[in-house]
Amino acid sequence: MQPLLLDADIFYLYDGSLEGLLSAVFLAFDSKENPSDILVEEGLQYSLLGSYQSVSTDLDHAERVMTGIVSTLGARCYEEVRSVYLSDEDHKGGVILRFLQYAFKHGRHSLLHLAHPAVNEFKEMLLRVTNEAHFIMMFARFAELEGGVFFARVEPRANVVPIVMEHFAERFNIQPFVLFDRAHQLAGVFDTSSWWLVDTRRLDVTFPDNSRSEEGFQSLWQTFFDTIAIEERHNPVCQRNFMPKRFWGTLCEQIPPELRKRRPSTETPSQAAKRAARLTGTVAAHGEIAGQGHDAQAGPCALEAGSCP
Amino acid sequence: MELLDKLTILADAAKYDVACTSCGVSRSAEKGKLGATTNAGICHSFSADGRCITLLKVLMSNVCSYDCAYCVNRARNDVPRATLSPRELAELTMGFYRRNYIEGLFLSSGVLRTPDYTTERMCESIRLLREHYGFRGYIHAKAIPGTSDELLVRLGTLVDRMSVNIEFPSAHSLKMLAPEKNRASVLGSLRFIHDGIKENYQDKRLSTTKRTRFVPAGQSTQMIVGASPESDYHILNLSASLYRSFELRRVFFSAYVPVNENPLSPLVREAPLLREHRLYQADWLMRFYQFDVSEIIDEDHPFLDLLIDPKCNWALNHIDHFPIEINKASYDMLLRVPGIGVRGVQRVWAARRERRLDFDDLRRLNISLKRARHFITCNGRFSEGIVFDPSSIYRTLANDAHRRHCKGVTAGQLSLFEDYETGPQKAQEQTAPLVTAAMTVAACSRHMSGSCGAPGSLAENMGISTTVLAKNNTSATVTGFWEEEATRRRENTHAALIA
């Protein structure tokens, strides 16, 4: 395998849009140049070595690249390119370019050449983005605002709101909601019929307070979360592996009990019952508990419990 | 009682149910209705014990007329009791779902009066949620053995997954610990649901969408491990036959956590978590790695090795199949390499069409080489520093496991390193750990007696003496165990009467 030769000192610059990136890819193919990277122009740290070439966004060129990808490599591959474009990593432009250079040369089979550096880099970056999107599907927590709009704030490490909006819009189609990505200042807005994206960088919006029922649901959820853990199986490392700490800031169940508005009891009922039994003697505890279970079915049961020494 | 208190009681009562999966059915959204399901399922949180939370797991009621020895909700326990009304349950599920806390509902219940009465009330709750509230998320319901067929059909058409708990690996243990339940009715319910799914699926008169109306995500079951004396051999053969005859999606294992003071429950100080883990590994081998149960475990060595995983164990016992050349091996053989999973095999399979893979390529493909490197060659060469000798491989892998698992795990688990250094007398005093110790030691002896071993050095390395080994190999048989327990129980009652 002949390694691709890099024109080490050429860098393409684009405006940060997907069309811009595809235009740069088009230019690289068209001019038969091999730039070592394609970078976002805004906020770039220029180095003394190397020449920088700013590529203007050309919708026509971008579309030609898009149709090229779809026809030679498949629609799914185009989806993947788009996902990788949403990565936060600086070198995504270069990664996409090298992947496309390799894939256009070797055809559809090359998508399986996972050990080839160009494909490997691309697939790894894709995995990081799709994982991040999945994390958002798992850990976005909506809160009902006054007026019935649901609002969730997330801080993903890739700009994944565009990928996950379809998922949420489908399942939550009876409620208007806003999914706000604070890290990328982008909000997905759904109004029960369609969704769109809003750039919030130049926007100053204040949200209404939580609705009245919201606090109740949050404390119900916190209680459920605390109760469902089995003490004898306590395993915080396992918990953190599955649910990294960076997401805890937006999870209402991970607010420590002392900071919660309404502090639920950390005792499980069985512990509470044991404690009560210790304090008041067994017979008294029976009386109390039989009194608590006010449902009709509790009757025979409490009797049964009472008859046991 | 406030909803918050009810939820606390009923979630606390439901937490020992293992199944928390929202997978197996893909249902797209419908305009005007809340919810959809994805085939893979989505976890939404992880509790402090590291288990995933994907469904709102509650009991409809923890009032129970049964008196099962292992259960926290048994009739004689004086725990607070509560019952959720259908409306409360529906509001709770909808509220949680709208906030992206859950994928759906897991509904179980204590037995209110009779199984039929309970199931009828469960049906009512779920029907309200599905039809009145238009909920399209995932619902998993527990079927109580002994429920009538009509009610099972009604419940089955409302939910995605059903499960019937088999509770214990043997009919005898079930009878001892759950006197009101019997094996025949459990298996009867499993068979009925299985037949229902099949019949519905094969009904040519129905459109394809309607063919998956009845329990579309299949059924599962669970059993408690460590509360009764059955061996892993018994448990795995049982689950294999359940997969075979009832086409279950999952068999769950639940490490026994002693919740009741009970003369019948064995003396377990710690939940046998590592044993549960190994059983799950074996279960995965059967479901995804084309292993037959007879390859994983045999009657002469009825317990899985706690120090190495079942796949390593198989590889070490069939060392003549190894090392395999990663660039030439068949797909089936790649699946049998310890440390390489199904995804890893797929990546290797795809990537080697383009080039001959070396160890760097494997690393790039995210193949974990920690275990695999002992069993594979790339282009005819081993990874650096590998000595292909079964006993040294066993030692390396077992030491790794020891370092990883031993910190938090005590006695009954890897007692071999801690308890058994104090000698055989102490070991004999403890009934329950004896069983677990026997299996570990038996597993070790297998490798030591095999052609591959360097027996003496391994035994020393493990810190066990051969006398312990000989003593513990005579572990109690299943019935013998229960006879002993029964005698102990009689003695206890007798003593209590005198007092």
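Rules of the game
Residues numbered from 1 in each chain as written. Chains lettered and ligands numbered in written order. Predicted model: local features only at pLDDT ≥ 70, side-chain atom pairs only at ≥ 80, totals over all residues. Pairing = 2+ DSSP bridges. Helix = DSSP H or I, 4+ residues; strand = E, 2+ residues; numbered from the N terminus. Contact = placed C-beta atoms within 7 Å. Axes fitted to C-alpha atoms, helices over the stretch in contact; angles between N-to-C directions. Buried ≥ 20, exposed ≤ 12 C-beta atoms within 10 Å, placed from the backbone. Domains from an automatic or database assignment.

Draft legend 1. Spatial organisation of the sheet that holds strand β8 (residues 195–199) of chain A. All names here are of chain A. Here 5 strands make up an open sheet; going across it, the order is β4-β5-β6-β7-β8 and the pairing mixed. The open sheet has two edge strands, β4 (143–144) and β8, and neither has a second partner. With 2 bridges joining them, β4 and strand β5 (residues 150–154) adopt antiparallel strand pairing. Of the residues in β5, the one forming a bridge with Ala143 is Phe151. Contacting β6 (177–181), β7 (186–190) and β8, helix α6 (residues 161–171) crosses the sheet at an angle of about 160 degrees to β6.

Draft legend 2. Molecular detail of the interface of chain B and chain A. Taken together, the 63 residues of chain B in the interface contact 59 residues of chain A. When residues of the side of chain B that touches chain A are traced back to their parent elements, those giving at least two are α1 (3–14), β1 (45–46), β2 (52–53), α2 (86–98), α12 (342–351) and α13 (359–364) of chain B. With 7 residues, the single largest contributor to the side of chain B that touches chain A is α1(B).

Draft legend 3. Geometry of unusual backbone geometry. With an omega of -5 degrees, the peptide bond running from Phe322(B) to Pro323(B) counts as cis. Note that Pro323(B) resides in the loop between α10 (310–317) and β9 (324–325). Located in the positive-phi region is Gln185(A), a residue other than glycine, with phi close to 50 degrees. By secondary structure assignment, the location of Gln185(A) is in the loop between β6 and β7. Look at Gln185(A) and you get partly exposed, because 14 C-beta atoms sit within 10 Å. In this structure, Arg113(B) takes a positive phi of about 60 degrees despite not being glycine. Among the secondary structure elements, Arg113(B) is positioned in the loop between β4 (104–108) and α3 (115–132).

Draft legend 4. Looking closely at the domain arrangement of chain A. Residue and element names in this part refer to chain A. With domains assigned, chain A is organised as domain 1 (7–133), domain 2 (140–199), domain 3 (212–259) and domain 4 (269–307). Computed from C-alpha atoms alone, the centre-to-centre distance between domain 2 and domain 3 is 22 Å. Contacts between the two partners involve 6 residues from domain 2 and, on the opposite side, 5 residues from domain 3. Sorting the residues of the side of domain 2 that touches domain 3 by element identifies β4 and β5 as the ones contributing at least two each.

Draft legend 5. How the structure looks around the environment of Val186(B). Residues and elements named next belong to chain B. Relative to the helices and strands, Val186 resides in helix α6 (residues 183–202). Considering only alpha carbons, one finds Val186 and Ile166, 20 residues apart in sequence, at a separation of 6.2 Å. Excluding anything up to four places from it in sequence, Val186 contacts Pro145, Val164, Ile166 and Lys181.

Draft legend 6. Representation of the domain arrangement of chain B. Each domain of chain B was delimited in the assignment, giving domain 1 (3–265) and domain 2 (323–377). Between the C-alpha centres of domain 1 of chain B and domain 2 of chain B the distance comes to 39 Å.

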